[in-house]
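Descriptive analysis of the structure
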Amino acid sequence: MLFFLNCFSLPLIIASAEIYKPHIVFIVADDLGWDDVSFHGSDQLLTPNIDTLMYHGVCLNQYYTDAEGTPSRSAMFTGKYAMRLGAQGISIKASEDRGIPPTERLLPDYLRELGYSTNLVGKWGIGKSRPHYLPSNRGFDTFYGFLGDAVDYFTYNAIDKSNAATFYGLDFFDDMEPVENENRHLTTILTEKAVKVIREHNASTPLYLHLSHAAPHIGGALADLQPPLDSLKDNEYIAHPLRRLFAGLVTSMDKSVGNVVAALAERDMLQNTLIIFVSDNGAPTVGASKNYGSNFPFRGVKSTPWEGAVRSVAVAWHASIPPRIHKGLFHVTDWLPTLVSAAGGRVKDKIDGVNQWDIILNKDEIPQRNDILISIDELRGWAALRDGDMKIIVGDFGQNYNGHYGLNLKQVKHNTPFYEDVLLDSEIGHVFKETLGLFLDINLAYVKRSDINLTQLYEGSYKDICTPTKAKGCLFNISADPFEVRDLWNSSPEIVKHLSLRLRSFWADLQPRSQPISDLRANPAKRGYVWLPWLENNAQSVVQAPPLPAFPLKVTSDEVQHLVNLNIDDFRTKVNKYISIMGESIRLSVESLFSLH
Ligand SMILES: *[C@@H]1O[C@H](CO)[C@@H](O)[C@H](O)[C@H]1NC(C)=O
Ligand SMILES: *[C@@H]1O[C@H](CO)[C@@H](O)[C@H](O)[C@H]1NC(C)=O
Ligand SMILES: *[C@@H]1O[C@H](CO)[C@@H](O)[C@H](O)[C@H]1NC(C)=O
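Parameters and conventions
Residues numbered from 1 in each chain as written. Chains lettered and ligands numbered in written order. Predicted model: local features only at pLDDT ≥ 70, side-chain atom pairs only at ≥ 80, totals over all residues. Heavy atoms only, no water. UniProt positions renumbered as here; feature names shortened; annotations may be inferred. Helix = DSSP H or I, 4+ residues; strand = E, 2+ residues; numbered from the N terminus. Contact = heavy atoms within 4.5 Å. Pairing = 2+ DSSP bridges. Axes fitted to C-alpha atoms, helices over the stretch in contact; angles between N-to-C directions. Salt bridge = Lys/Arg side-chain N within 4 Å of Asp/Glu carboxyl O. Buried < 20%, exposed > 50% of the residue type's maximum accessible area, 1.4 Å probe, protein only. Parallel < 35°, antiparallel > 145°, perpendicular 65-115°, else oblique. Left-handed = near helix turned anticlockwise from the far one by under 90°. Nonpolar A, V, L, I, M, F, W, Y, C, P; charged D, E, K, R; others polar. Near = heavy atom within 4 Å. Polar contact = N/O pair within 3.5 Å; in protein donor to acceptor, adjacent residues only side chain to side chain. Areas by Shrake-Rupley, 256 points an atom, 1.4 Å probe, with all protein chains shown as cover. Core = buried A, V, L, I, M, F, W, Y, C linked by side-chain atoms within 4.5 Å.

The name recorded for the protein in an unreviewed UniProt entry is Sulfatase N-terminal domain-containing protein, from Loxostege sticticalis. Quoted verbatim from the Cofactor (unreviewed entry) field of UniProt, the annotation for the protein is "Ca(2+)". Check the Sequence similarities (unreviewed entry) section of the UniProt entry for the protein; it says "Belongs to the sulfatase family."

Now the structure itself:
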C-alpha cells in the first residue's frame with residue numbers, strides 16, 4: 001500500500017534536453033476505459049504499442065477528463081471547463097444546434113499562430129450546425145473525418161433517432177467535400193490519412209496532427225460493435241463474445257498507433273515529435289451506447305461523475321523526455337496551455353487549464369494543480385469536484401450505473417499470448433530500437449505496471465456504498481479510496497461545507513445550456529443524405545436554455561446556523577478569502593445559498 005502511494009521514479013537515463021517546437025501528434029481514443037489498455041489491465045486485452053509508448057514515456061496516472069465526449073473535447077480544445085461554454089452534460093446530438101461559441105480560441109488556432117501546420121483526422125464532435133462551428137473555421141488547415149458524435153464504421157452514416165422520423169446521412173468529409181467513394185473500415189482510412197499527412201509534411205514546419213479515432217465507440221447507426229474482421233483472430237481467446245468484438249476495435253487502434261509512429265520514423269521526424277495518447281472519457285460498460293469496455297476497478301461508467309467516467313488513460317512521449325509515472329493531478333484543460341508552452345508560446349487569455357509542461361519535462365516536482373472541477377450538469381442535476389485528496393459528489397442520482405463493472409468481461413477461454421513477447425514484438429518496439437536505439441527493459445516495465453496496478457487494492461463486494469441524493473452527497477478520499485466506497489460525508493462536516501460551497505459557486509457561474517432537442521431543419525435527406533451545416537451563422541436559435549435549476553443539494557440548517565453565528569467581520573474576512581480564490585462568482589454563490597430551499 002505504502003509502496004503504491006509513493007512516487008515511483010526511474011533513474012534518469014536520458015537527460016531532458018531542450019525541446020524546440022516539437023511536432024505534436026495528439027491521438028484520442030473514444031470511450032476507451034481504464035482497464036482497456038494492458039498497462040493498466042489484465043493480460044486479457046493487449047495493447048502492446050500503446051504500452052510501449054507508456055513504458056518509454058510519461059504516464060499520467062491521475063488524468064481527469066469530463067464524463068463524456070462533447071464536454072471533454074471542448075475542454076481539451078479551449079483550456080476551459082465545459083460549463084463556461086454551455087458545453088457541459090450530454091454530448092451534442094446529430095441534429096442539435098449547439099457548438100463552442102465562435103468567440104472562443106481553440107488549440108489549433110494558437111498552434112497555427114506559432115507556425116504549426118494544423119491537421120484534424122477523425123472525430124470533431126463539438127458542433128456542426130453552423131459554418132462557424134466547423135474545424136476549418138476553428139484553426140485547422142486540413143480536416144478529414146466526421147463532425148458528429150459517432151458514425152457507422154463502414155458507411156460513415158450517422159443516425160439521429162430522437163425525432164419523430166429517423167434522420168440519417170453521411171457524416172464523412174475531406175475538408176468539407178463529402179467522401180462518397182470509400183467503404184473500408186473507419187480505423188483503416190483514418191490511419192491511412194494520418195500516415196499520409198505525415199508523409200507529405202515538409203518537416204521544416206512544425207506539424208500538429210490531431211488524430212481523433214472513432215474507436216472503440218460503438219458505430220451506433222446500423223450495428224454497435226464493428227471491429228475490422230481481421231482483428232478477430234488476435235482476440236479469439238477472449239471468452240465474452242461482445243468483449244471480443246470490442247477488443248478488435250481496440251487492438252486495431254493500437255496497431256494504428258504503431259503505424260503512425262513508423263511513419264514519423266520514416267520521415268525522420270520521430271526524434272522531435274511529442275506524442276500524446278489519451279481517451280476522451282471512460283467506457284460505457286453498461287447502459288446507453290454500451291461498448292463492453294471496462295473501467296474496472298473504478299466505480300461507474302461514462303456519463304456519470306464517478307472515477308470510471310473521468311479517470312482516463314493518458315500517456316505523453318518524446319524521445320528527450322525521461323520516462324516516469326506522474327501521480328499528480330492533470331486535467332484535460334491542461335493540454336492547451338501545456339502544448340502551447342511546448343510550442344514556445346504563452347496563453348494570455350483567462351482559462352482553467354494549468355501549464356504542466358515542466359511537469360511533463362520532469363523539471364518540476366511541485367504539483368501544479370491541486371483541484372479539478374470534475375463535471376457539472378445542471379440538466380441531469382449533479383456536480384463533482386476534486387480538491388487535493390478529496391472528491392465531493394452532489395446530485396440527484398438514479399440507482400443505475402453507480403456500481404463497479406467489468407469484472408465479468410475478463411474471462412478467457414484459454415491461455416492468452418505471453419505479454420512480454422507481444423510487447424517486444426510491437427511495431428513501436430521495433431521502430432524505437434531501430435530508429436532511436438531505445439530498448440525496452442522488460443523488468444522495469446513489469447515494475448511500472450505493478451506500481452500502477454489498482455486491482456491489487458480492490459477488495460470486492462462493497463456493500464451499501466454512498467450514492468448522492470438531494471439531502472446528502474458523498475465525500476471520498478480518493479488517494480486512500482480510489483474505488484469510492486468509504487463515504488466521509490458525515491465524519492468531515494468542515495470539508496463538506498467548504499467543498500459544497502465551492503461547487504455552489506461553480507454552479508452559479510455556469511453558462512446554462514439548452515435541452516438536447518433536435519432541430520427538424522437538420523434532416524440530411526434535404527441535402528443529398530449528407531449531414532451538412534443547416535443554419536447560417538446568424539440564424540435564430542429555436543431552443544433556449546431553461547433557467548438555471550437549483551443546486552442539487554439542500555442547504556442544511558447547520559449551514560444556515562453557521563452563517564448566522566458568524567459575526568459580520570468574521571463573515572467578511574471569510575468571504576474576502578473566498579473571493580480571492582474564486583472571484584466574483586462567490587457573491588452569486590452566497591446569494592444562491594440563501595435563495596435556495
Ligand atoms: C520545405 O520547406 C522549406 C522552407 O520553406 C523549403 O526551403 C524546402 O524547399 C521545402 N522542401 C520541400 C521538399 O518542399
Ligand atoms: C494486478 O493485480 C491483480 C491482483 O493482485 C492481479 O491479478 C493482476 O494480474 C495484476 N495486473 C497486472 C497488470 O499486473
Ligand atoms: C487521505 O488519505 C491519505 C492516505 O490514507 C492520507 O495520507 C491523507 O491525509 C488523507 N487526506 C485527508 C484530507 O484526509
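Moving on from the coordinates now.
1. Quick word on the side chain of Thr273
Locating Thr273 in the fold gives a position in strand E10 (residues 273-279). Leaving out residues up to four positions away in the same chain, Thr273 has contacts with His23, Val25, Leu264, Trp317 and His318.

2. Remarks on the sheet that holds strand E9 (residues 207-212)
Backbone hydrogen bonds hold the strands of a sheet together, and the pairing may be parallel or antiparallel. On the basis of which strands lie adjacent, the open sheet formed by 10 strands has the order E8-E7-E4-E3-E9-E1-E10-E11-E2-E12 and mixed pairing. Strand pairing shows two members of the sheet lacking a second neighbour, strand E8 (177-178) and strand E12 (324-331), which therefore form its edges. Strand contacts of helix H5 (residues 186-199): strand E3 (117-123), strand E4 (142-146), strand E7 (173-174) and E9, with the helix running at about 180° to E9, the strand carrying the most contacts.

3. Here's the deal with the pattern of salt bridges
If charged atoms from side chains of opposite charge come close, those side chains can pair. Considering all chains together, one arrives at 35 salt bridges under this definition. Ionic pairing is found between Asp280 and Arg73, a salt bridge with its closest N-O pair at 3.1 Å. Separated by 207 residues along the polypeptide, Asp280 in the loop between E10 and helix H7 (307-310) and Arg73 in helix H3 (residues 69-78) bring together distant segments of the chain. Just as Asp280 is buried, Arg73 falls in that class too. Ionic pairing is found between Arg105 and Asp109, a salt bridge with its closest N-O pair at 3.1 Å.

4. Observations regarding the environment of Pro482
Note that Pro482 resides in the loop between strand E16 (474-477) and helix H13 (493-509). Overall, Pro482 belongs to the buried group, its relative accessible area being 6%. The spacing of Pro482 and Ile392 is 90 residues in sequence and 13 Å in space, taken between C-alpha atoms. Excluding residues within four positions of it along the chain, Pro482 makes contact with Phe298, Glu307 and Leu454.

5. Considering the packing of helix H6 (residues 241-266) against helix H11 (residues 427-436)
The contact between H6 and H11 brings their axes to 8 Å, and the two run at 20°. By the criterion of interaxial angle, the relationship of H6 to H11 is roughly parallel. Classified by chirality, the crossing of H11 by H6 is left-handed. Residues Lys255, Val257, Gly258, Asn259, Val261, Ala262 and Ala265 of H6 form the contact with H11, whose own contacting residues are Glu427, Ile428, Val431, Phe432 and Thr435. Along the lines of polarity and charge, the residues of the contact of H6 with H11 split into 7 nonpolar, 3 polar and 2 charged.

6. Details of the site of ligand 3
Around ligand 3 sit Asp389, Met390, Asn477 and Ala480, and those are all the residues in its vicinity. Note that a nitrogen atom of ligand 3 is positioned 2.8 Å from one of the side-chain N or O atoms of Asp389. The side chain of Asn477 places a nitrogen or oxygen atom 2.3 Å from an oxygen atom of ligand 3. Considered on its own, ligand 3 offers 360 Å² of accessible surface; in the complex 43% of this is hidden by protein.

7. Examining the nonpolar core
Grouped together as the largest cluster of nonpolar side chains are 122 residues, with contacts concentrated most on Phe39, Phe172, Leu186, Leu270, Phe277 and Trp335. Among the elements that take part in this core, H6 stands out by supplying 12 residues, more than any other. If we ignore the near neighbours within four places in the chain, the residues touching Phe277 are Ile27, Ala29, Leu32, Ile50, Leu53, Met253, Val257, Val313, Ala314 and Val315. Core analysis: the second largest hydrophobic core is formed by 19 residues, Ile376, Ile392, Val496 and Leu553 among them.

8. Things to note about the sheet that holds strand E15 (residues 390-395)
The 4 strands are arranged E13-E14-E15-E16 in an open sheet whose pairing can be described as antiparallel. What marks the edges here is a single partner per strand, and that holds for strand E13 (371-377) and E16. With direction set aside, neighbouring strand axes in the sheet form an average angle of 10°. In this structure, E13 lies alongside strand E14 (residues 382-387), joined through 6 bridges in antiparallel fashion. For Asp377, the partnering residue across the bridge sits in E14 and is Trp382. Those strands touched by H13 are E13, E14, E15 and E16, and its axis lies near 125° from that of E14.

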